[in-house]
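Tertiary structure, described
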Amino acid sequence: MTKALLLDMDGTVTDTEKYYNSAFTEVMHEIGYPEFKKEDALIHRSLNHTDARAYYKKKYGESFDWDMVHERTGQLVKEYSKNYGIQVKSGFFELMDFCKEKKIRTAIVTATGMADAKIRLEAAGVIDFFSDIISAHDVKRGKPYPDPYLFALETLKLSAGDCITVEDSPNGIYSSVAAGIRTIMVPDLSEPDDELKKVLFSVCSDLSEVRRYLN
């Protein structure tokens, strides 16, 4: 029996990855890149700031102000969340009921900062479902490096074999896999390509389907 289920937040538990995608695209248009599309922003979902900054500076030049773009994007995400609310992804409550019944611990492992993560989970009304919240901001290297998930294992005092992870984005998936944890993808803004399928434990259409893999 799985002892703990580790879940990414944006796009996996809360239906908020779409807010980041729209906000980042809007900011890129504001600063003079009208050709930038939402699909172009998919590459940096859950990507740590160091690598994201390097990626955009390489693509657009050293003058590209990643920090400003990131800050402005965060502001818009908060506006979207306030205006449109924060919903949870399909199957979440069924999965949480199952974990409670089977005494499986549940924890969040997110690329979002701790303060914002708690605000988002509280706004969605789901923070009490999780025994622990792990932020990639509290480790040396964020996703796709294994550090966030290794820190989660350390915090929970469990081994990789005791856990299963649910993620929606490649960077999150590679982070979990690199930590040695069986990883399930529940697609949000994109489907897994052939390379991603090679490292995944499974792909589920929604969170309720994850239940079959926890026994």
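A short tour of the structure in this document, coming up. Position labels on residues start from 1 in each chain and follow its written sequence. Totals for whole chains, interfaces and linings use all residues, but because this is a predicted model, local features are given only for residues with pLDDT of at least 70 and pairs of side-chain atoms are given and counted only at 80 or more. In computing side-chain properties, one takes all heavy atoms of the structure into account and sets aside hydrogens as well as water.

Side note on the side chain of Glu17
What counts is decided by this rule: Where helices and strands are cited, they refer to DSSP runs of H or I of at least four residues and of E of at least two residues respectively, numbered from the N terminus. We call two residues in contact whenever any of their non-hydrogen atoms come within 4.5 Å of each other.
Assignment of secondary structure puts Glu17 in helix 1 (residues 17–30). If sequence neighbours within four positions are ignored, Glu17 has contacts with Asp10, Gly11, Arg45, Asp168, Asp188 and Leu189.

Comments concerning helix 1
Definition in use: Given the number of residues in a helix, its expected span is that number minus one, multiplied by 1.5 Å. Each residue is placed in one exposure class: buried if its accessible area under a 1.4 Å probe, protein chains only, is under 20% of its type's maximum, exposed if it is over 50%, and partly exposed if it falls in between.
The end-to-end C-alpha distance of helix 1 is 20 Å, a good match for the 20 Å that 14 residues give at a rise of 1.5 Å each. Buried within helix 1 are the following residues: Glu17, Tyr19, Asn21, Ala23, Phe24, Thr25, Val27 and Met28. Where helix 1 is buried, its residues touch helix 2 (49–60) and helix 3 (66–84). Phi turns positive, to about 105°, at Gly32, one or two residues after helix 1.

Brief notes about the pattern of salt bridges
Put simply, the rule is: A carboxyl oxygen of Asp or Glu within 4 Å of a side-chain nitrogen of Lys or Arg is what we treat as a salt bridge.
Per the stated rule, a full pass over the model turns up 13 salt bridges. Across the pair Asp15 and Lys89 runs a salt bridge whose closest N-O atoms are separated by 3.7 Å. Of the two residues, Asp15 sits in the loop between strand 1 (4–7) and helix 1 while Lys89 sits in the loop between helix 3 and helix 4 (92–102), which places them 74 residues apart along the sequence. Of the residues examined, Asp15 reaches a relative accessible area of 17% and is grouped as buried. For Asp116, the salt bridge identified is with Lys78, shortest N-O distance 3.9 Å. Placement of the pair is Asp116 in helix 5 (residues 114–123) and Lys78 in helix 3, with a sequence separation of 38 residues.

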